[in-house]
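Coordinates in review
If you want the building blocks of each chain, they are given just below.
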Amino acid sequence: MRAAVLREYNAPLSIEDLPEPDCPSDGVVLRTIACGICRSDWHGWVGEHPRVKPGQIGGHEYCGEVVAAGPNAQFAVGDTLVAPFILACGTCPQCRAGQQNTCFDQRLPGFIEPGAFAEYVAVPRDHNLARLPEGLSATVAAGLGCRVTTSWHALTGRAALQAGEWLAVHGTGGIGLSAALLGRALGANVVVVDVVQEKLDHALSLGIDAAVLASDDTAAQIKEITGGGAHVSVEALGIPVTVNASIRCLRVLGRHVQVGMPVGHTAQMDVDMSAVYQGNLALYGTRGMPSWRYPSLLGMITSGKVDMSPLIAREVALSDTSAELAAFNGPMPPGVAVITDFTR
Ligand SMILES: [Zn+2]
Ligand SMILES: [Zn+2]
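Residues numbered from 1 in each chain as written. Chains lettered and ligands numbered in written order. Predicted model: local features only at pLDDT ≥ 70, side-chain atom pairs only at ≥ 80, totals over all residues. Heavy atoms only, no water.

Basically, it comes down to this: UniProt positions are given in the numbering used here, feature names are shortened, and annotations may be inferred rather than shown by experiment.
Per an unreviewed UniProt entry, the protein chain is named Alcohol dehydrogenase, and its organism is Jannaschia faecimaris. In its Cofactor (unreviewed entry) section, the UniProt record describing the protein chain reads: "Zn(2+)". The Sequence similarities (unreviewed entry) field of the UniProt record for the protein chain holds the comment "Belongs to the zinc-containing alcohol dehydrogenase family."

**Focus: the coordination of the zinc ion (ligand 1)**
Expected angles at a metal are 109.5 degrees for tetrahedral coordination by four donors and either 90 or 180 degrees for octahedral coordination by six donors. Put simply, the test is: A 2.8 Å cut-off from the metal defines N, O and S donors, relaxed to 3.2 Å for Na, K and Ca; water is not in the atom list, so some sites may appear incomplete.
Bound to the zinc ion (ligand 1) on the protein side are Cys89 (SG), Cys92 (SG), Cys95 (SG) and Cys103 (SG), at distances that span 2.3 to 2.4 Å. Motif for the zinc ion (ligand 1), donor spacing along one chain: C-x2-C-x2-C-x7-C.

**Section: the side chain of Asn101**
Rules: Helical segments are the DSSP runs of H or I of at least four residues, strand segments are the runs of E of at least two, and each set is numbered from the N terminus. Burial status follows relative accessibility: with a 1.4 Å probe on protein chains alone, a residue under 20% of its type maximum counts as buried, one over 50% as exposed, and anything between as partly exposed. Polar contact is defined as a pair of N or O atoms within 3.5 Å, subject to the rule that within protein one atom must be able to donate a hydrogen and the other to accept it, and that residues adjacent in sequence are counted only when both atoms are side-chain atoms. By the convention used here, residues are in contact when the closest approach between their heavy atoms is within 4.5 Å.
Here Asn101 shows up in the loop between α2 (93-96) and β6 (120-123). Here Asn101 falls in the buried class, since its relative accessible area comes to 5%. From its side chain, Asn101 meets the backbone oxygen of Arg287 in a polar contact 2.9 Å long. Beyond its immediate sequence surroundings of up to four residues, Asn101 is in contact with Ile86, Gln106, His153, Arg287, Gly288, Met289 and Pro290.

**A short note on the coordination of the zinc ion (ligand 2)**
Protein coordination of the zinc ion (ligand 2) is provided by Cys38 (SG), His60 (NE2) and Cys146 (SG), with donor distances spanning 2.0 to 2.2 Å. The sequence pattern describing where the donors of the zinc ion (ligand 2) fall on their chain is C-x21-H-x85-C. In this pair, Cys38 is assigned in the loop between β3 (28-36) and α1 (39-45) and Cys146 in the loop between α3 (138-141) and α4 (147-158), connecting sequence segments 108 residues apart. The class of Cys38 is buried, set by a relative accessible area of 4%. According to the relative accessible area criterion, Cys146 is buried, its value standing at 5%.

**Remarks on the UniProt feature "domain: Enoyl reductase (ER)" (unreviewed entry) in the protein chain**
UniProt annotation of "domain: Enoyl reductase (ER)" (unreviewed entry) refers to residues 10-339 when read in the numbering used here. Structurally, residues 10-339 comprises 26% helix and 22% strand, and the distance from its first C-alpha atom to its last is 19 Å.

Written out as structure tokens, the structure reads:
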């Protein structure tokens, strides 16, 4: 099978012909139909992701058709599935408590085992997976592996965003735009922040209520727009300037959700803890989504309450992956890239 392999950090991925993966006894082999290219893949590509080492096949945001099923699998050949990027064990105390995204024993295709930048991907523990609903394209569904699911859990599972509240979203890449669209669908008022005016215009064209071009004045502008500050603020980049703008834009008793991954040179940062103290703020960290939340999210999408298709900017080939990763080095245009052609 064709696969894009990380051989050297910051260098083009190596397109190689590799053996097809063995089928896990408790899971499936998927023929990859679509795989998103996510900022976490970029963290691995530049060598700042703690787990990703040379030899890795990236790609953790995938949708595929079952071509082989193990004896203990729950799905069958021919099923089309989406997978959360965290494959939980199902039996540890965290899993038993319904917090599968904090499982003590995680399998992570794309990070520490072969991912879906390949024609086929082995997926163990298929109890984590969900069937692709009728009418939802595999390209849009690829985001249900990481960015859309992470945003859904951040808003509903962590911050408990309520209709009528103000949601601020700092950074409108794949995960930020997902949070903005889902927040709006939940009935919140949404203000987005970015350094790229084109992304703000794109968000406004999708019905987002307000947009702020990032500056030293971001927090003050959001307090003005929201009449005192956002109730919930999502940080979707993982860097100090946006973390502090997110904390400072909140009203008293506001909730900051750390969705962006602070890693490598931004793993440690100065945070305005005075604002946290003075504002009686709550800080939430979040990563991934427990798979039992799939039905609620898929229900929002299939009932037409939210359209996630504006998230997809372009469909690309496997050999385009390196250029897409390199694009994360600088400001990005609106929307995300999804690999849909694995033959070239
Ligand atoms: Zn577990
Ligand atoms: Zn991701």
